[in-house]
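Spelled out from the first residue to the last, the chains are:
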Amino acid sequence: MKALLEALQPGEKDWDLAQAIDPARLPAHIAIIMDGNGRWAGRRFLPRVAGHKAGIGPVRTAVETCARLGVKVLTLYAFSVENWKRPRAEVETLWRLLRYYLKQELPELQKNDIRLQAIGRLDALPAQVRRELDAAVDATSANRGLLVNLAINYGGRAEIVDAVNSILEMARLDGSIQTLKIDEDLIATCLYTASCPDPDLLIRTSGEMRISNFLLWQIAYSELYVTDTLWPDFTRTDLLQALLEYQKRDRRYGGLSGAGVDTEAKSAEESLLASLRPS
Ligand code: IPE
Ligand code: IPE
Ligand code: MG
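Overview of the structure.

Conventions adopted
- Residues numbered from 1 in each chain as written.
- Chains lettered and ligands numbered in written order.
- Predicted model: local features only at pLDDT ≥ 70, side-chain atom pairs only at ≥ 80, totals over all residues.
- Heavy atoms only, no water.
- Axes fitted to C-alpha atoms, helices over the stretch in contact; angles between N-to-C directions.
- Helix = DSSP H or I, 4+ residues; strand = E, 2+ residues; numbered from the N terminus.
- Parallel < 35°, antiparallel > 145°, perpendicular 65-115°, else oblique.
- Left-handed = near helix turned anticlockwise from the far one by under 90°.
- Contact = heavy atoms within 4.5 Å.
- Expected span 1.5 Å × (residues − 1).
- Pairing = 2+ DSSP bridges.
- Core = buried A, V, L, I, M, F, W, Y, C linked by side-chain atoms within 4.5 Å.
- Buried < 20%, exposed > 50% of the residue type's maximum accessible area, 1.4 Å probe, protein only.
- 1 Å grid on protein atoms, 1.4 Å probe; cavity = no way out; pocket = protein on both sides within 12 Å on 5 of 7 lines; lining within 4 Å.
- Points joined across faces, edges and corners; volume = space filled by probe spheres on them.
- Nonpolar A, V, L, I, M, F, W, Y, C, P; charged D, E, K, R; others polar.
- Near = heavy atom within 4 Å.
- Polar contact = N/O pair within 3.5 Å; in protein donor to acceptor, adjacent residues only side chain to side chain.
- Areas by Shrake-Rupley, 256 points an atom, 1.4 Å probe, with all protein chains shown as cover.

**Remarks on the packing of helix 6 (residues 88-111) against helix 7 (residues 127-139)**
Running from N to C, helix 6 and helix 7 point in directions that differ by 15°, and their axes come no closer than 10 Å. By the angle between their axes, helix 6 is roughly parallel relative to helix 7. At the point where helix 6 passes helix 7, the crossing takes the left-handed sense. Residues W95, L98, R99, L102, L106 and Q110 of helix 6 form the contact with helix 7, whose own contacting residues are Q128, V129, E132, L133, A136 and A139.

**Quick notes on helix 10 (residues 236-248)**
The first and last C-alpha atoms of helix 10 sit 19 Å apart over 13 residues, in line with the 18 Å expected at 1.5 Å per residue. On its buried face, helix 10 is in contact with helix 1 (2-7), helix 2 (15-20), strand 1 (29-33), helix 5 (56-69), strand 5 (201-204) and strand 6 (223-226).

**Describing the sheet that holds strand 5**
Sheet architecture is open: 6 strands sit in the order 3-4-2-1-5-6, paired in parallel fashion. Only two strands of the sheet have a single neighbouring strand rather than two, namely strand 3 (115-119) and strand 6. Strand-to-strand, the axes of this sheet are offset by a mean angle of 20°, without reference to chain direction. In this sheet, strand 2 (residues 73-80) lies alongside strand 1 in parallel orientation, the contact comprising 5 bridges. Bridged to I32 within strand 2 is L76. In the packing of helix 6 onto the sheet, contacts are made with strand 2, strand 3 and strand 4 (147-154), and the angle to strand 4 comes to roughly 165°. Helix 7 rests against strand 3 and strand 4 of the sheet, and its axis sits at about 140° to strand 3.

**What to know about the nonpolar core**
In summary, soluble globular proteins display a tendency toward joint burial of nonpolar side chains. Grouped together as the largest cluster of nonpolar side chains are 51 residues, with contacts concentrated most on I30, I32, V63, L74, L76, I152 and I203. Sorting elements by how many residues they give to this core places helix 6 first, with 8 residues. Among residues more than four places away in sequence, those in contact with V63 are L74, L76, Y101, L109, I114, L146 and V148.

**Concerning the layout of surface pockets**
Taken as a whole, the largest pocket encloses approximately 770 Å³ of empty space. M34, N37, Y77, A78 and F79 are the residues nearest the centre of the largest pocket, which is lined by 31 residues in total. For the lining of the largest pocket, the elements supplying multiple residues, two or more each, are helix 3 (37-43), helix 4 (48-54), helix 5, strand 2, helix 6 and strand 4. The dominant element in the lining of the largest pocket, judged by the number of residues it contributes, is helix 6, at 5 residues. In the lining of the largest pocket, the residues fall into 15 nonpolar, 8 polar and 8 charged.

**Considerations on the site of ligand 1**
In the region of ligand 1, the neighbouring residues are M34, D35, G36, N37, G38, R39, R48, H52, A78, N83, R86 and L94. A distance of 2.7 Å separates an oxygen atom of ligand 1 from a polar side-chain atom of R86. For ligand 1, the protein covers 86% of the area, taking 380 Å² as the surface of the free molecule. Taken together, the elements giving at least two residues each to the shell around ligand 1 come down to helix 3 and helix 4. If you tally residues by element for the shell around ligand 1, the top one is helix 3, at 3 residues. Tallied by class, the residues present in the shell around ligand 1 amount to 3 nonpolar, 5 polar and 4 charged.

Treat this as a map of the structure, not an account of what it does.
Shown next, in the form of structure tokens:
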């Protein structure tokens, strides 16, 4: 948070927004469904791939802002297992842009101590893309600042299936298959995101009110924020606005709000008991 404030001048754009954010209540993990590239291009009578290209700048901004805020994990949905349904030329452009992003951003990631991780069924990626992705992940593996999870060929259901299969495989190998008991902790530790806390905040751009197979297990209690802004237009201002909105939410996890609940519940209970007493 300090680093973000230091990067801004009083009166500058986003200064007031940044001041309004409570540094003690930042989300540890933000996940983003970066959607709307095609529509952004369509509105400009450009081919869809122009929208994907224009989507790189906001990725840079989101990564930089999260690093400066001191957010621990940022997970970005870059390509879903369902996105293979798109025309081959579009898919190929997405791989080309991913390679361009990795090459272009690696020095900046290193400079800012950012660690890159890829989550998804990576075996299905074109060999060259996989090699360059692995190299970028390796090169940043010792960094200890923000962790950026790039979700590539990712599906929430596929992730759960992979977790269950890896549990079965381990149990077969260590001979515990007969007595195997699966619980939530075991599944969570076998997901691609095993080392991360669940997302506190899930942002989706472009106004679509759906999850599109993203982090199905992990978002059980995430706060959802949908903005009509299309991903190529998503700025630092949009991210700070999402954070401010997040800080207004009352996260109850199925329980009751913190303040005053105990005394309120107690007095309600007492008057209920009193009303039930035979007169
Ligand atoms: C998100 O933008 C990027 C990917 C899914 C790779 P879209 O390409 O889905 O853009 P819209 O939703 O068609 O506008
Ligand atoms: C979700 O967006 C996937 C990514 C942002 C990578 P889509 O555009 O693929 O989702 P749908 O088809 O609108 O649900
Ligand atoms: Mg879309």
